[in-house]
Amino acid sequence: MADPETNFPGLLHPLSFMRRAHGLSGLEYQVLEPVDLPEPYRQLLAHEGDMTSRLENYYKSSIRINRLRSSNDGKNYFREVILHTSETTPRAVEYGAIEILFAQLPEFAKDAIIAGEMPLGAILNQGRIPYSCSLRGFFKIVPDDSIKEVFSVDLSEHLFGRSNTIETRTGETIAQIVEILPPT
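Cut-offs applied
- Residues numbered from 1 in each chain as written.
- Predicted model: local features only at pLDDT ≥ 70, side-chain atom pairs only at ≥ 80, totals over all residues.
- Heavy atoms only, no water.
- Helix = DSSP H or I, 4+ residues; strand = E, 2+ residues; numbered from the N terminus.
- Rg over C-alpha atoms; globule rule 2.2 N^0.38 Å.
- Buried < 20%, exposed > 50% of the residue type's maximum accessible area, 1.4 Å probe, protein only.
- Contact = heavy atoms within 4.5 Å.
- Areas by Shrake-Rupley, 256 points an atom, 1.4 Å probe, with all protein chains shown as cover.
- Polar contact = N/O pair within 3.5 Å; in protein donor to acceptor, adjacent residues only side chain to side chain.
- Arc of directions from axis to C-beta.
- Pairing = 2+ DSSP bridges.
- Axes fitted to C-alpha atoms, helices over the stretch in contact; angles between N-to-C directions.
- Phe/Tyr/Trp six-rings, centres within 6.5 Å; stacked < 30°, edge-to-face > 60°.

Section: the overall build of the protein chain
Argument step 1. In terms of regular secondary structure, the protein chain is built from six helices and seven strands.
Argument step 2. Reading the protein chain from its N terminus to its C terminus gives the helix and strand order α-β-α-α-β-β-β-α-α-β-α-β-β.
Argument step 3. A globule of 184 residues ought to have a C-alpha radius of gyration of about 16 Å, and the protein chain, at 15 Å, matches this closely.
Argument step 4. Taking the principal axes of the C-alpha coordinates as reference, the protein chain spans close to 40 × 40 × 30 Å.
Argument step 5. Burial statistics for the protein chain: of 184 residues in total, 47% are counted as buried.
Argument step 6. Looking at the protein chain alone, contacts between residues at least 24 apart form 58% of all its contacts between residues at least 6 apart.
Argument step 7. When the accessible surface of the protein chain is summed, it comes to about 8700 Å², and 48% of that surface belongs to carbon and sulfur atoms.

Some remarks on the side chain of Q176
Argument step 1. For Q176, the position within the fold is in strand β7 (residues 173-181).
Argument step 2. Residue Q176 is classed as buried on the basis of its relative accessible area, which comes to 17%.
Argument step 3. A polar contact is formed between the side chain of Q176 and the side chain of R136, at a distance of 2.8 Å.
Argument step 4. Sequence-distant contacts of Q176, defined by excluding residues within four places in its chain, comprise H13, P14, A97, I98, E99, R136, N164 and T165.

Examining helix α3 (residues 51-59)
Argument step 1. Of the residues making up α3, those classed as buried are M51, T52, L55 and Y59. Angularly, the buried residues of α3 cover 100° about the axis, an arc narrow enough to put them on a single face.
Argument step 2. If you check the start of α3, you find a side-chain oxygen 3.2 Å away from the backbone N of T52, and it comes from D50.

So, the pairing of strand β2 (residues 63-72)
Argument step 1. Across nine bridges, the pairing between β2 and strand β3 (residues 76-85) is antiparallel. Note that in β3 the partner of N72 across the bridge is Y77.
Argument step 2. Hairpin connection between β2 and β3: a loop of three residues separates the two successive antiparallel strands, and G74 in this loop has a positive phi of roughly 90°.

A few points about unusual backbone geometry
Argument step 1. Put simply, H13 and P14 share a cis peptide bond, and its omega is 15°.
Argument step 2. For P14, the position within the fold is in the segment before α1 (15-21).
Argument step 3. Cis peptide bonds are those with omega within 30 degrees of zero, and the linkage from E39 to P40 qualifies with 5°.
Argument step 4. Following the sequence through the fold, P40 ends up in the loop between β1 (29-32) and α2 (41-45).
Argument step 5. Even without a glycine there, the phi angle at K60 is positive, about 55°.
Argument step 6. Tracing the chain through its elements places K60 in the loop between α3 and β2.

Details of the sheet that holds strand β5 (residues 132-141)
Argument step 1. If you walk across this open sheet you meet the seven strands as β1-β5-β6-β7-β4-β3-β2, and the pairing is antiparallel. Edge positions in the sheet fall to β1 and β2, since each has one partner strand and no second. Each strand of the sheet is rotated relative to its neighbour by a mean of 25°, with strand direction disregarded.
Argument step 2. Contacting β2, β3, β4 (92-101), β6 (159-167) and β7, α3 crosses the sheet at an angle of about 165° to β4.

A look at the environment of P130
Argument step 1. With respect to the helices and strands, the residue P130 is situated in the loop between α5 (120-126) and β5.
Argument step 2. Sequence separation of P130 and T168 is 38 residues, and the distance between their C-alpha atoms is 6.5 Å.
Argument step 3. Contacts of P130, omitting those with residues within four sequence positions, involve E167, T168 and R169.

Brief notes about the packing of aromatic side chains
Argument step 1. Under the definition given, this model contains six aromatic pairs.
Argument step 2. With a centroid separation of 4.9 Å and an interplanar angle of 80°, the aromatic rings of Y58 and Y59 are classed as edge-to-face.
Argument step 3. Plain terms: the ring middles of Y95 and F151 are 6.4 Å apart, the flat faces sit at 80° to each other, and that makes the pair edge-to-face. Of this pair, Y95 sits in strand β4 while F151 sits in helix α6 (residues 145-151), placing them 56 residues apart in sequence. Across the pair, F151 and Y95 agree in class, each one buried.

Following this line, the structure appears as structure tokens:
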């Protein structure tokens, strides 16, 4: 098991950073290879695209955002979110933490990010902002009380996720993201 507290920024950055800022302990996790992800998690996580599009296709619904926490120093924007379907009874489909570097984005994208109504992937795609994804790794965690609360269920099983970097076409970092999926 890896401990993000000792490997800063580590695979779970920015989630580990945000948890520390709110007085929560680091999460224990196990690094996985893509082939070790069970289905449908492999299909949902092991790709080099944005999660918004993948989740919309899988759940056959547009994806909306529920911002749990955010902070903005004008250069970097951190937010912790739940992504959910836009159905009459929304279903949580991802818990995530993201650090967005504003220097790489046009003003309209910064404004949309701060408004907190759309996931980053949707903003980039709708704004036709070129980007690529660079996967940093896959993991499984046993959820603690804070993550159980986020998904509004009492979970004892592992959850699966990925760590991803979104970059400009020239390799500058736009965002670092940790994405954790609920049981399917």
